[in-house]
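Topology and contacts: notes
Chain residues, written in single-letter form:
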Amino acid sequence: MKVGFSEKLNSIEGSGKHKFLYRLSRSLKGMGIKIDSKHPNIYLILPGHDLKKGCKNILRLDGLIINKDMDLKKNDSLLKQAKKCEAVIYQNDFCKSAYENFLGLHHKMSTCIINGASPDEFLLRAPKNFFLASCRWRPHKRLSNIVSGYLLAREKGLKSDLIVAGEVDFKSKNKHIKYIGWQNSDQLKQLLSSALATIQLTWVDWCPNSMVESIVAGCPVIYSNSGGHPLIANGCGIPISDVQWNYNVCDYYNPPKLNDEEISGAMLSMESNPISVSNLSLNIENVAKEYISFFRKVLVT
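Quick summary incoming for the structure in this document. Keep in mind that what you see is a predicted model, and the values were worked out from it rather than measured.

**Describing the overall build of the chain**
Scanning the chain from N- to C-terminus turns up nine helices and twelve strands. Computed over C-alpha atoms, the radius of gyration of the chain comes to 20 Å, within 12% of the 19 Å expected from 2.2 N^0.38 for 301 residues, which places it in the range of a compact globule. In terms of its C-alpha atoms, the chain occupies a principal-axis envelope of roughly 60 × 40 × 30 Å. Taken across its 301 residues, the chain has 54% of its residues classed as buried. Accessible surface for the chain amounts to roughly 13800 Å². Of this, 48% is attributable to carbon and sulfur atoms. Separation between the mean location of the 39 positive side-chain charges and that of the 28 negative ones in the chain comes to 6 Å.

Structure follows, in structure tokens:
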């Protein structure tokens, strides 16, 4: 079997989907699968990328455009692309439900395979006195809610700092909140080894790579209980009650506010009882095996 990728995978640095595909390609190669993007039997493509002739095209689907203030017509081209491919791969059951209920996609050949990473990439856990919030910040990522929940926890006796990685539009003046800007993969590994927990409070996230990395690194997560988060967490942290998306167009960048009391309680709990976590389904080798199994099914159809 020869597998090709529509994405050039020369480095792990890049977007979450790029990081995942980089890891997947390396893992497939380690299992004896030849990586050949010029003459593949299976061609794994991303939305918006061109299909390849003479092979089986499989579209790996990410998120949808559900924001009322964005160009929803872009979803139409995604639907057309999916129908042209021999198969599609969703990141989890939530993603599949979103495509079925919001976009009306019911592909005859599909599966759900979660993202993954390798435990060998990360450092040994040595928790210190800080929480980590790291992503490409946009309104639905709820940084302001993370900060307000953290400040309430400080009022209740929390001793730990909050470290915010990534570029932000505003900064709290509280001395216990540290803004460190964009971090590369090596820097994030150091942070994940030391953080008490990471904070993932996005509304309706699909399958965030940062959350996968946190759990594979053994770092628990305080996460909003909506979208794909619960399917990634699988008991590896503390859920925060959230409003569930109803599969309709929404005001995505004006998400419902989470309960600061609940967020602060989760932080206080993590500080008083530091834990490490494990979810073998997120191990990239197990993920790669699922991809290989599905590739073989597609080849015989």
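Anyway, onward from the coordinates.
**Remarks on the sheet that holds strand S6 (residues 110-112)**
Taken in spatial order, the six strands line up as S2-S1-S3-S4-S5-S6 in an open sheet, and their pairing is parallel. Unpaired on one side and paired on the other, strand S2 (34-35) and S6 mark the two borders of the sheet. Bridge count between strand S5 (residues 87-90) and S6: three bridges; the pairing is parallel. Along S6, the bridge assignment pairs Val-88 with Ser-110.

**Structural notes on the pattern of salt bridges**
Applying the stated criterion across every chain yields a total of eleven salt bridges. Between Lys-141 and Asp-205 there is a salt bridge, with the nearest N and O atoms lying 3.2 Å from each other. With a gap of 64 residues between them, Lys-141 in the loop between strand S7 (130-134) and helix H4 (143-155) and Asp-205 in the loop between strand S10 (197-200) and helix H6 (209-216) connect regions that are remote in the sequence. One salt-bridge network, in which partners are shared between bridges, spans Lys-19, Arg-23, Glu-121 and Glu-213.

**A look at the nonpolar core**
By size, the foremost hydrophobic cluster in this structure holds 51 residues, and its most contacted members are Leu-24, Leu-28, Ile-58 and Tyr-291. By residue number, the principal contributor to this core is helix H9 (residues 284-299), which donates eight residues. With sequence-adjacent residues up to four places away left out, Leu-24 is seen in contact with Phe-5, Leu-44, Ile-284, Ala-288 and Tyr-291. Grouped together as the second largest cluster of nonpolar side chains are 26 residues, Tyr-43, Ile-66, Cys-85 and Trp-245 included.

**A short note on the sheet that holds strand S9 (residues 177-181)**
A sheet is described by the order of its strands in space; here six strands give the open sequence S9-S8-S7-S10-S11-S12, paired in parallel fashion. Single-partner strands in this sheet number two, and they are S9 and strand S12 (237-240). The sheet shows a mean angle of 20° between the axes of neighbouring strands, direction not considered. Bridge count for S10 against strand S11 (residues 221-224) is three bridges, and the pairing is parallel. Paired with Gln-200 across the strands is Tyr-223, a residue of S11. Sheet strands touched by H4: S7, strand S8 (161-165), S9 and S10. Its angle to S8, the strand with the most contacts, is close to 165°. Across the sheet, H6 touches S7, S10 and S11, and the angle it forms with S11 is around 150°.

**Some remarks on helix H5 (residues 185-194)**
Of the residues making up H5, those classed as buried are Ser-185, Leu-188, Leu-191, Leu-192, Ser-193 and Ser-194. Close packing links the buried residues of H5 with helix H1 (16-30), S7, S8, S9, S10 and H6. Taking the backbone nitrogen of Asp-186 as reference, a side-chain oxygen 3.1 Å away marks Asn-184 as the first, capping residue of H5.

**A short note on the side chain of Glu-213**
Looking at where Glu-213 falls in the secondary structure, it is placed in helix H6. Taking the relative accessible area as the measure of exposure, Glu-213 reaches 7% and is therefore buried.

About the criteria used
Residues numbered from 1 in each chain as written. Predicted model: local features only at pLDDT ≥ 70, side-chain atom pairs only at ≥ 80, totals over all residues. Heavy atoms only, no water. Helix = DSSP H or I, 4+ residues; strand = E, 2+ residues; numbered from the N terminus. Rg over C-alpha atoms; globule rule 2.2 N^0.38 Å. Buried < 20%, exposed > 50% of the residue type's maximum accessible area, 1.4 Å probe, protein only. Areas by Shrake-Rupley, 256 points an atom, 1.4 Å probe, with all protein chains shown as cover. Lys, Arg positive; Asp, Glu negative; His and termini not counted. Charge placed at Lys NZ, Arg CZ, Asp CG, Glu CD. Pairing = 2+ DSSP bridges. Salt bridge = Lys/Arg side-chain N within 4 Å of Asp/Glu carboxyl O. Core = buried A, V, L, I, M, F, W, Y, C linked by side-chain atoms within 4.5 Å. Contact = heavy atoms within 4.5 Å. Axes fitted to C-alpha atoms, helices over the stretch in contact; angles between N-to-C directions. Polar contact = N/O pair within 3.5 Å; in protein donor to acceptor, adjacent residues only side chain to side chain.

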